[in-house]
Amino acid sequence: MHVLIAFDSTQQALRAEMLLEYAEIEIDICPTPKEITAGCALSIHFPEEDLLMVKEVIVQENVEVRGIFKAIESGYEQVNV
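Residues numbered from 1 in each chain as written. Predicted model: local features only at pLDDT ≥ 70, side-chain atom pairs only at ≥ 80, totals over all residues. Heavy atoms only, no water.

How would you summarise the sheet that holds strand β1 (residues 2-6) if you had to cite specific residues and measurements?
Within the open sheet, the five strands sit side by side as β2-β3-β1-β4-β5. Their pairing is antiparallel. Because the sheet does not close on itself, it has two edges, and the strands there are β2 (28-31) and β5 (75-79). Looking at each pair of strands side by side, their axes are set apart by 35° on average, direction ignored. Bridge count between β1 and strand β4 (residues 67-72): four bridges; the pairing is antiparallel. Bridged to I5 within β4 is I68. Across the face of the sheet, helix α1 (residues 10-22) comes into contact with β1, β2 and β3 (42-47) while running at roughly 25° to β3. (Pairing = 2+ DSSP bridges. Helix = DSSP H or I, 4+ residues; strand = E, 2+ residues; numbered from the N terminus. Axes fitted to C-alpha atoms, helices over the stretch in contact; angles between N-to-C directions. Contact = heavy atoms within 4.5 Å.)

Here it is, written out as structure tokens:
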């Protein structure tokens, strides 16, 4: 299952992309799903098993995120950061 990070700004999305790639986490940039309200059209998908490492990078580097969401049958569910 994949998890998704939504952002309020493109700058933060691109910064997170760079930091997560540097941490060697497998990520994909994708459009933010319409079910998730965010200020930025870009989101980052990553495997659920990398969630703890992703949270660590976000907190350590003070990346501003709208939220982290897990795909569920009916759409997306927010995960606590």
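Describe helix α2 (residues 51-60), naming the residues involved and giving the relevant values.
Of all the residues in α2, the buried ones are L51, V54, K55, V57 and I58. Looking straight down α2, one finds that the buried residues subtend no more than 165° of arc, so they occupy a single side. For α2, the exposed residues set more than 90 degrees away from the buried face come down to L52, V59 and Q60. Looking at the buried positions of α2, the neighbouring elements they touch are β1, α1, β3, β4 and β5. (Buried < 20%, exposed > 50% of the residue type's maximum accessible area, 1.4 Å probe, protein only. Arc of directions from axis to C-beta.)

Could you give an account of α1, with specific residues and numbers?
Within an α-helix, residues lying three or four positions from one another point in the same direction, as the helix has 3.6 residues per turn. Across its 13 residues, α1 extends 18 Å between first and last C-alpha, which sits within 8% of the 18 Å expected from 1.5 Å per residue. Buried residues of α1: Q12, A13, A16, L19 and L20, and no others. Down the axis, α1 shows its buried residues gathered within 130° of arc, on one side only. What points out from α1, more than 90 degrees from its buried face, is the exposed set Q11, M18 and Y22. (Expected span 1.5 Å × (residues − 1).)

Could you give an account of the nonpolar core, naming the residues involved and the relevant values?
Among the nonpolar cores identified, the biggest contains 19 residues, and I5, F7, L20, F46, V54 and I68 are the most heavily contacted of them. Those elements that provide at least two residues to this core are β1, α1, β3 and α2. For L20, the contacting residues outside a window of four places in its chain are I5, I25, I27, I44, V54 and V57. In terms of nonpolar packing, the next biggest core, distinct from the first, is built from five residues, L4, A6, C30 and F69 among them. (Core = buried A, V, L, I, M, F, W, Y, C linked by side-chain atoms within 4.5 Å.)

By themselves, these are just geometric observations and shouldn't be taken as functional.
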